[in-house]
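Here are the chains, one letter per residue:
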Amino acid sequence: MASSPSDPTALAGVKVLDLSRILAGPSATQMLADLGADVVKIENPNGGDDTRGWGPPFIETEDGTRSEAAYFACCNRGKRSVSLDFTTEEGAQTARELAKAADILVENFKPGGLAKYGLDYASLKKINPRLIYCSITGFGHSGPYANRPGYDFLIQGMGGLMSITGQPDGTPGAEPVKVGVAICDLFTGLNSVSAILAALYYRTQTGEGQHIDCALLDCQVAMLANQSSNWLNCGITPQRMGNNHPSIVPYRVFAVADGHVIVNCGNDGQFTRLCGALGKPEMAEDERFKTNEARCENRELTDQILADLLISYERQAVITLLEGVNVPCGPINDIPAIFGDPHLQHRQMEVHLNREDGTAFKGVAYPPKLSKTPARYASPPPELGAHNDDVLKEWGVS
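Residues numbered from 1 in each chain as written. Predicted model: local features only at pLDDT ≥ 70, side-chain atom pairs only at ≥ 80, totals over all residues. Heavy atoms only, no water.

Colleague: What should I look at first to understand the overall build of the protein in this one?
Modeller: Of regular secondary structure, the protein possesses 15 helices and 13 strands. Taken along the three principal axes of its C-alpha coordinates, the protein extends 80 × 50 × 40 Å. Evaluated residue by residue, the protein yields a buried proportion of 43% over its 398 residues. Put simply, of all contacts in the protein between residues at least 6 apart along the chain, 68% involve residues at least 24 apart. Charge centroids of the protein, computed over 34 positive and 47 negative side chains, lie 5 Å from each other. (Helix = DSSP H or I, 4+ residues; strand = E, 2+ residues; numbered from the N terminus. Buried < 20%, exposed > 50% of the residue type's maximum accessible area, 1.4 Å probe, protein only. Contact = heavy atoms within 4.5 Å. Lys, Arg positive; Asp, Glu negative; His and termini not counted. Charge placed at Lys NZ, Arg CZ, Asp CG, Glu CD.)

Colleague: What is the right way to read the layout of surface pockets from this model?
Modeller: Taken as a whole, the largest pocket encloses approximately 1200 Å³ of empty space. Lining the largest pocket are 34 residues, and of these Cys74, Leu186, Phe339, Gly363 and Val364 sit closest to its centre. No other element matches the five residues that strand S13 (residues 360-364) contributes to the lining of the largest pocket. Looking at the lining of the largest pocket, its residues break down into 27 nonpolar, three polar and four charged. Here the second largest pocket is characterised by a volume of approximately 640 Å³. Around the second largest pocket sit 29 residues that line it, and Arg21, Ile22, Asn108, Gly150 and Tyr151 are the ones nearest its centre. Counting residues per element, the ones that place at least two in the lining of the second largest pocket are helix H1 (24-34), strand S7 (132-137) and helix H5 (152-158). The dominant element in the lining of the second largest pocket, judged by the number of residues it contributes, is H5, at three residues. Of the residues contributing to the lining of the second largest pocket, the split by class is 15 nonpolar, seven polar and seven charged. (1 Å grid on protein atoms, 1.4 Å probe; cavity = no way out; pocket = protein on both sides within 12 Å on 5 of 7 lines; lining within 4 Å. Points joined across faces, edges and corners; volume = space filled by probe spheres on them. Nonpolar A, V, L, I, M, F, W, Y, C, P; charged D, E, K, R; others polar.)

Colleague: I keep staring at the pattern of salt bridges and nothing clicks. Help me out?
Modeller: Side chains that differ in charge, positive against negative, can pair when their charged atoms come close. Across all of its chains, the model carries 16 salt bridges by this definition. Where Arg52 meets Glu68, a salt bridge forms, and the shortest distance between an N and an O atom there is 2.9 Å. Of the two residues, Arg52 is situated in the loop between strand S2 (38-43) and strand S3 (58-60) and Glu68 in strand S4 (residues 66-69); the sequence distance between them amounts to 16 residues. Relative accessible area serves as the criterion here: at 9%, Arg52 is assigned to the buried category. Residue classification places Glu68 among the buried positions, given a relative accessible area of 9%. Close ionic contact of Arg295 with Asp268 constitutes a salt bridge, the shortest N to O distance being 2.9 Å. With a gap of 27 residues between them, Arg295 in helix H10 (residues 292-297) and Asp268 in helix H9 (residues 268-277) connect regions that are remote in the sequence. Overall, the relative accessible area of 0% leaves Arg295 in the buried class. Take Asp268: its relative accessible area is 30%, and that puts it in the partly exposed class. Taken together, the shared-partner salt bridges in this structure form one network comprising Glu43, Arg52, Glu68, Arg355 and Asp357. (Salt bridge = Lys/Arg side-chain N within 4 Å of Asp/Glu carboxyl O.)

Colleague: Honestly, the sheet that holds S7 in this entry has me stumped. Any pointers?
Modeller: As a general point, the strands of a sheet are linked pairwise by backbone hydrogen bonds and lie either parallel or antiparallel. Taken together, the six strands give an open sheet; going across it, the order is S5-S2-S1-S6-S7-S8, and neighbouring strands pair in parallel fashion. Looking at which strands have only one partner, the edges of the open sheet turn out to be strand S5 (79-83) and strand S8 (210-215). Along the sheet, successive strands turn relative to each other by an average axial angle of 20°, direction set aside. As paired strands, strand S1 (residues 15-19) and S2 are joined by four bridges and run parallel to one another. Note on S2: the bridge partner recorded for Val16 is Val39. With respect to the sheet, helix H6 (residues 183-206) is in contact with strand S6 (104-107), S7 and S8, its orientation differing from that of S8 by roughly 165°. (Pairing = 2+ DSSP bridges. Axes fitted to C-alpha atoms, helices over the stretch in contact; angles between N-to-C directions.)

Colleague: Would you mind showing me how to read the environment of His245 here?
Modeller: Structurally, His245 is set in the loop between helix H8 (225-234) and strand S9 (251-256). C-alpha separation for the pair His245 and Cys296, spaced 51 residues apart in sequence, amounts to 9.4 Å. Beyond its immediate chain neighbours, meaning those up to four positions away, His245 contacts Asn226, Tyr251 and Arg299. In terms of polar contacts, His245 uses its side chain to reach the backbone amide nitrogen of Ser247, at 2.9 Å. One polar contact links the side chain of His245 to the main-chain amide nitrogen of Ile248, over a distance of 3.3 Å. (Polar contact = N/O pair within 3.5 Å; in protein donor to acceptor, adjacent residues only side chain to side chain.)

Colleague: Explain the sheet that holds S9 to me, please; I cannot follow it from the model alone.
Modeller: A sheet is described by the order of its strands in space; here three strands give the open sequence S9-S10-S11, paired in antiparallel fashion. Bordering the open sheet on either side are S9 and strand S11 (329-330), each of which pairs with just one other strand. Of the strands in this sheet, S9 and strand S10 (259-264) are in contact with helix H11 (residues 299-310), which crosses S9 at around 35°.

Just geometry here; none of it tells us what the structure is for.
Take a look at the structure:
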């Protein structure tokens, strides 16, 4: 359901001071903006957030003028931009006054990097004890790696994700592979939002703010899920398995006559229906394949039999066939295909916003659908410094 400007928002009246750049912090503050918070993005007057220039590709206006990079547009809607150099005393004082008026501050500077400007948590807590201060770094504010710079790619490697992503050793193209999007940054943004909302609720009970120390490496390790549990509980070191699953068979990509499909059988009932649909019901009664545990023990043979059956089908035919018997199956869409998908269109996952300078922005909607306080997309990504006067006046800063 599309929202309208009159809809109530969950975070109406909440003021967020955004001192973050690149992706993890800005993705978190964009979610807060979607939920109704007033997010003020502080940017260096000399160029602003680095991602404004992280192109190609760049967005173009109707007259062909080059605007910001598409990267910047993915995580900065709904915000107001204030250009402010807080490395000067005057700028630092203005930033401190904004922090005094804020409910939440999000930053991603190196540990201790903001202390010299009086913008660290210890300093700001004295003037605003209700402030919820979220620090996002690569490795956290404590520990032997605390002062190291951290980027998503580096964390994917250090955090174990690349050790389980890619083709297995001994096969063509075998090497550790990163995920095709900055997933550590994005999961850190999600974890930051959940922690901020928890802190906001705590403040409603106590009146006290707090400091949140959110590290990319911690968030990456936490999202290893069953793979880390396999090691911690069973002493099994997970390996790269390509598109296979360590604990479920079949759960992989299969070639068909005109491309590929994904087939997932999460339980034995689905496997039985898969075998029946493919004209081989006896396979589900064979002791080598009857249970998931047996199929894992006979993974290569199970997959080969299914691969031989599936290769004769065209992609849409097998998807329709398996959907008809409630076996999870689907295509591997490219990005244009997913935004053309009728289901995603029904779910209104594409957002269109126009800026006064003639730049048209498209983005991806906030995923959860709230029945009482739906997400609202109040404004497109801002021009650098476009809201200096308005914000200072509204937030009571001289």
